[in-house]
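# What the coordinates show
These are the residues of each chain, in order.
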Amino acid sequence: MKEEPNERILLQGLAKNDKKAVETIYKENYTMVQSLIINNNGTADDAKDIFQETMIVLYEKARSGNFELNCLVKTYVYSVARRLWLKRLQHTSRYNGDIGNAEAIVPVEEDMEEHMKRDIEFDMMNKAISSLGEPCKGLIEAFYIQKKSMQDIALDFGYTNAENAKTQKYKCLVRLKKIFFAHYKNGKSDE
Amino acid sequence: MNENNDIMILDAIERYIRGEMNPDERLHFENLRKTNSEIDQLVVEHTLFLQQVNRFGEWEKFRNTLNEVHTDLSEQGKIHSDKLEGKAKVVYMWSRYKRVALIAASIAGITAISLSALVNSVAPHPKDPKLQELVAKFDILDNNQRVLNQKIENVDKNSQKNIIPSPVRYNGTGFLIDGKGLMITNAHVVKNSRNIYVQNNKGEQFRAIVLKLDIPRDVAIVKIDDDRFKPITVLPYSIRKASSDIAESIFTLGFPRDEIVYGEGYLSARTGFNGDTLSCQISVDANPGNSGGPIFNRSGEVIGILSAKEAQTEGAVFAVQSKYIFQAVDELKKNSIYKNVKISSKSTLNGLDHVQQVKRIEDFIFMVKGD
C-alpha cells in the first residue's frame, strides 16, 4: 500500500471533521483540481463546487470503517474530481469525450455510486426538514443536528419548560418521519 | 393509537436506541420488543431514521468546515480561486474566450479547436502491491461455529432421512460469483463430502468440485466441473465489498426444500453469535438447507452468506459477511490457474422490485448436495 503514515493520520483527522486536516488536504490538492476544471471548460466556481464534492467523497471514504486507500490521496482526489466533472459536463452536454490524464487515475466507480446514493438520501432529508416550517425545523435541527439539550432548547424557543419543548419536538418528529419515509420508500422503489 | 400514545412510544423507542434507559426499563422494553413485532419494526425504522439524521448533520457540519477552510485559505493566499494569477489566469481567460469562440465557430461552420498545448498533467503514482492484513484466528468462536454447524447438520440429516431415500447426505445452498461456474457456499455444507452435485431451480444437476475451504469463516469456493454447464456472460447481481448498515432490508434465496424459497428480513446486528466479528446477524426465516445461500440487499448486492441459526431465538440467523468472499477468492487467485478470476462487481438489479430481482437471480442459485 503506497500510503504514507502521515496520510493515514490526515485521513483519520478528516473522518473526524478536524479543521487542520481538512485544511492540509485542501491546500495540497485544490490547485490541481482547479487546473483540471479550468483546462476543461470550467470556471473557478465550478472548480470550487467539484473540489468540495470530491472532499465529501473522500470524507465518506475515510469514515467508512473498511477504509483502504490503495493510492496516494492526491491520485484519489484527482480520480474522483475528474469523474465528477465528466459527469457534470455530460449532464450539461458541454462535452462528451475524455478529459485529463487517464493514466493518473484509479477506479472510483464503486465509491461514486455510494456517493450518489448518499447524496440522494441527504437531499431527501434536507427537503423533508425544510418542508417542516418553523418552529419544527428549528426544533429538529437544534436537537438532532446541533445536539442541544432540551433545557437549552426550551430556553431558546421560549417554552415554559423542557417537557413542553420535548412534546413539541416529538410532534414535529412524527411529521418529519412521515415526510421522509414517504420519499425514502418511493425513492428506493422507482430509482 | 392516539397522538399522546404515539409520542410515548416514540419517546421510549428513542431513549432505548440512545441508551438512555435504566437497566430495568431496558429489560422490560426488550421483552416488549420480542413479543410485539410492531414495536420491533418501529425500533428498526427509527434506528434507520436516526442514522440518516445523524449522517445528514455530520455532512452539513463538514460542508461548513469546507467553506470556512476555503475562505481562510483564499484570504491567506494559499489557494487562488477568486483572483486567478499567472498561468491559471491565462488558461481561465482563454477558456472563457474559447466558449465565445466556439459559438462563433459553430455559426461560421468551423469546428476544430485544439486545447492540447495547455493541458496540465499530473504525474501518475505507481501503486505498490496491496498489503495483506493478517486476520487473527478466534479459536473459541471457531468452536462455537462448529457446534452450531454440527447442530444444523444433525437437524438436516434427520430431516433428510425421512424425505429422500437417496445416498445424498447433505443439502445446502450455493450461488455463482462469476459466469464461469465459480460458486460460494458454506464450508460446513461441503467439507465432509466426497462427491458434490449442484442443482438449479429447473432441476438440472451438475458435478462440482471444492476449490477452497475456509473452515473458520465457514466459506467454501466450489466450481461447477461439468461440460453441460454453459458459462454465463454476466451475473445480474454483485458481491458487496463494504459492510452494511443495521436495519438495512435484505432478502434471501435458498433451498430449504426441493424448491427455491424466498425470505425477507433486515440486518439486525453487525456482529454474529457471541459478538463474532466475522459474521453479522440478520432477521429472516431460515431453515437447514438455507446454509450457504446468498443474502441480498435491496440494490441486489450480496452482503453475506447465510450460515447458522441460533437455537433459542426465533428469527435470529447469522451470516458470514460478504467481504470474506473476496478474501477467499484472493487466496484462490494465488494459484496461477485462477489468477484471472473476476467476481461479479456490478449489480443490474438496482431499482427493480423484489419480484423482478428474484426472477433474474434465481437461475444462479443452486442446491448443493454431497455424499
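## Digging into the overall build of chain B
Looking only at helices and strands, chain B has eight helices and 13 strands in total. In chain B, 64% of the contacts between residues at least 6 apart in sequence involve partners at least 24 apart.

## Brief notes about the overall build of chain A
Per the secondary structure count, chain A includes eight helices and zero strands. Here chain A holds 191 residues, and 32% of them are scored as buried. Of all intrachain contacts in chain A linking residues separated by at least 6 positions in sequence, the fraction that spans at least 24 positions is 59%.

## Remarks on the pairing of strand 7 (residues 249-254) of chain B
Residues and elements named next belong to chain B. Burial runs high along strand 7: five of the six residues are buried. Two elements, strand 7 and strand 8 (residues 261-269), share six bridges in a ladder whose sense is antiparallel. Each residue of the ladder has a partner; that of F251, found in strand 8, is E264. Between strand 7 and strand 8, which pair antiparallel one after the other, the connecting turn spans six residues. Taken together, the three bridges between strand 7 and strand 10 (residues 294-297) define a ladder with antiparallel strand orientation. Each bridged residue has a counterpart across the sheet, and for T252 the counterpart in strand 10 is I295.

## Observations concerning the pairing of strand 13 (residues 365-370) of chain B
Walk down a regular strand and you will see the side chains alternate between the two sheet faces. All names here are of chain B. Across the six residues that make up strand 13, a large majority, six, are buried. Burial of the side chains of strand 13 extends over both faces: I365, M367 and K369 are buried on one face and F366, V368 and G370 on the other. Looking at chain direction, strand 3 (residues 196-199) and strand 13 are connected through four bridges and run antiparallel. Pairing of Q199 across the sheet is with M367, part of strand 13.

## Re the nonpolar core
Nonpolar side chains tend toward joint burial in soluble globular proteins. Membership of the largest hydrophobic core comes to 57 residues, with the highest contact counts inside it found for M183, V219, I250 and A319 of chain B. Each of domain 1 (3-58) and domain 2 (139-370) of chain B gives at least three residues to this core. Of all hydrophobic cores here, the second largest spans 51 residues; its members include Y26, V33, I38 and Y78 of chain A.

## A short note on helix 5 (residues 109-130) of chain A
Note: α-helices contain 3.6 residues per turn, so residues at a spacing of three or four share the same orientation. Here helix 5 of chain A contains 22 residues, and its C-alpha end-to-end distance of 31 Å stays within 8% of the 32 Å for a straight helix at 1.5 Å per residue. Burial in helix 5 of chain A covers these residues: D111, H115, M124, M125, A128 and I129 of chain A.

## Some details on the packing of helix 2 (residues 19-39) of chain A against helix 3 (residues 37-75) of chain B
Between helix 2 of chain A and helix 3 of chain B, the least distance of the axes is 10 Å, while the angle of their chain directions is 60°. In this view, helix 2 of chain A runs oblique relative to helix 3 of chain B, as classed from their interaxial angle. Here helix 2 of chain A runs over helix 3 of chain B; the crossing is right-handed. Contact residues: K19, V22, E23, Y26 and K27 of chain A in helix 2 of chain A; T65, L66, V69 and L73 of chain B in helix 3 of chain B.

## Topic: helix 3 (residues 44-63) of chain A
The first and last C-alpha atoms of helix 3 of chain A sit 28 Å apart over 20 residues, in line with the 28 Å expected at 1.5 Å per residue. Inspection of helix 3 of chain A places A47, K48, I50, F51, T54, M55, V57, L58, Y59, E60, K61 and A62 of chain A among the buried residues, and these make up the whole buried set.

## Examining the environment of G263 of chain B
With respect to the helices, strands and loops of the structure, G263 of chain B is situated in strand 8. For the pair formed by G263 of chain B and I295 of chain B, sequence separation is 32 residues and the distance between their alpha carbons is 9.4 Å.

## A short note on the packing of helix 2 of chain A against helix 3 of chain A
All names here are of chain A. Closest axis-to-axis distance for the helix 2/helix 3 pair is 9 Å, and the angle between their directions is 130°. Taken together, the axes of helix 2 and helix 3 are oblique relative to one another. When you trace helix 2 past helix 3, the crossing you get is right-handed. From helix 2, Y30, V33, Q34, I37 and I38 reach across to helix 3, where they touch D46, A47, I50, F51 and T54. Tallied by class, the residues present in the contact of helix 2 with helix 3 amount to seven nonpolar, two polar and one charged.

## Describing the confidence of the model for chain B
Residues and elements named next belong to chain B. Per-residue pLDDT for chain B has a mean of 74; in total, 71% of the residues score no lower than 70. Looking over chain B, one finds the lowest element-wise mean pLDDT in helix 4 (residues 86-108), namely 54, and the highest in strand 2 (residues 182-185), namely 92. The low-confidence segment residues 109-140 (pLDDT under 50) makes 34 contacts with residues lying over four places distant or belonging to another chain. For residues 160-167, every residue scores under 50 in pLDDT, and the model assigns this stretch two contacts once sequence neighbours within four places are set aside. Of the two predicted TM-score estimates for the complex, the pTM is 0.47 and the ipTM is 0.82.

## Here's the deal with unusual backbone geometry
The phi dihedral of N17 of chain A is positive, around 60°, even though this residue is not glycine. Inspection of the secondary structure assignment puts N17 of chain A in the loop between helix 1 (5-15) and helix 2. On the basis of neighbour counts, which here come to 17 C-beta atoms within 10 Å, the residue N17 of chain A falls in the partly exposed class. With a phi angle near 60°, D218 of chain B is a residue other than glycine that sits in the positive phi range. Within the secondary structure layout, D218 of chain B lies in the loop between strand 4 (205-214) and strand 5 (219-224).

## Details of the environment of F181 of chain A
Relative to the elements of secondary structure, F181 of chain A occurs in helix 8 (residues 162-189). Each C-alpha atom of the pair F181 of chain A and A128 of chain A lies 9.3 Å from the other, and the pair is 53 residues apart in sequence.

Parameters and conventions
Residues numbered from 1 in each chain as written. Chains lettered and ligands numbered in written order. Predicted model: local features only at pLDDT ≥ 70, side-chain atom pairs only at ≥ 80, totals over all residues. Helix = DSSP H or I, 4+ residues; strand = E, 2+ residues; numbered from the N terminus. Contact = placed C-beta atoms within 7 Å. Buried ≥ 20, exposed ≤ 12 C-beta atoms within 10 Å, placed from the backbone. Pairing = 2+ DSSP bridges. Core = buried A, V, L, I, M, F, W, Y, C linked by C-beta atoms within 7 Å. Domains from an automatic or database assignment. Expected span 1.5 Å × (residues − 1). Axes fitted to C-alpha atoms, helices over the stretch in contact; angles between N-to-C directions. Parallel < 35°, antiparallel > 145°, perpendicular 65-115°, else oblique. Left-handed = near helix turned anticlockwise from the far one by under 90°. Nonpolar A, V, L, I, M, F, W, Y, C, P; charged D, E, K, R; others polar. pLDDT = per-residue confidence, 0-100.

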